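A closer look at the structure
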Amino acid sequence: MSDVLRNEIKKYIKETKSLLFCDSKTLKSFLKDFENDVVDFADDNGVADIQQIIEHFGTPDQVARGFFETTNLRKIKKRLQIKQYILCGVISALLIWAVCLTFLAVDGHNEHSGTFVDSTNNAIIIHTVHVKK
């Protein structure tokens, strides 16, 4: 198989991939099998150009429609929902963490009492700070 045909096959697979919307596990599995089928067909039949592959397998649009007709869409939907739940959980945890961190910083600032040394202009001044609630 020529390098030109290999590049055309990669473009064909990439264009097909762009038309598929599903979870990554299903997508990777399908694309791996599809690419193997295309390469095997090209090798076994001495394919010279991408048109012969398109005539045999169909356009990327036709391949995508065939994928959705034969795939269990409920399974894909369930996997996508699980990812959404995980993402929402992570975002919620980060928001709670940020609110708690902000509360602790503000609370710590409000309750701070102490001394600090100001040594500007060669004079040492000791300040005592007391913050009331």
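Up top is the structure these notes are about.
Residues numbered from 1 in each chain as written. Predicted model: local features only at pLDDT ≥ 70, side-chain atom pairs only at ≥ 80, totals over all residues. Heavy atoms only, no water.

Glancing now at the packing of helix H2 (residues 24-45) against helix H3 (residues 50-57). Look at H2 against H3: their axes get within 11 Å of each other, and the N-to-C directions meet at 120°. Judged by the angle between their axes, H2 and H3 are oblique. Here H2 runs over H3; the crossing is right-handed. On H3, the residues touching Phe34, Asp37, Val38, Phe41 and Ala42 of H2 are Gln52, Ile53, His56 and Phe57. For the contact of H2 with H3, the per-class residue count stands at six nonpolar, two polar and one charged. (Axes fitted to C-alpha atoms, helices over the stretch in contact; angles between N-to-C directions. Helix = DSSP H or I, 4+ residues; strand = E, 2+ residues; numbered from the N terminus. Parallel < 35°, antiparallel > 145°, perpendicular 65-115°, else oblique. Left-handed = near helix turned anticlockwise from the far one by under 90°. Contact = heavy atoms within 4.5 Å. Nonpolar A, V, L, I, M, F, W, Y, C, P; charged D, E, K, R; others polar.)

Let us look at the nonpolar core. Counting residues in each nonpolar core, the largest one holds 18 residues, and the members touching the most others are Ile9, Tyr12, Ile13, Val38 and Ile53. No other element matches H2, which puts six residues into this core. Those residues in contact with Ile13 that sit more than four places away from it in its chain are Leu31, Phe34, Glu35 and Val38. (Core = buried A, V, L, I, M, F, W, Y, C linked by side-chain atoms within 4.5 Å. Buried < 20%, exposed > 50% of the residue type's maximum accessible area, 1.4 Å probe, protein only.)

A few words on the environment of Arg6. Position of Arg6 relative to the elements: it lies in helix H1 (residues 3-18). Look at Arg6 and you get partly exposed, because its relative accessible area is 39%. Taking the C-alpha atoms as reference points, Arg6 and Asp49, separated by 43 residues in sequence, lie 9.5 Å from one another.

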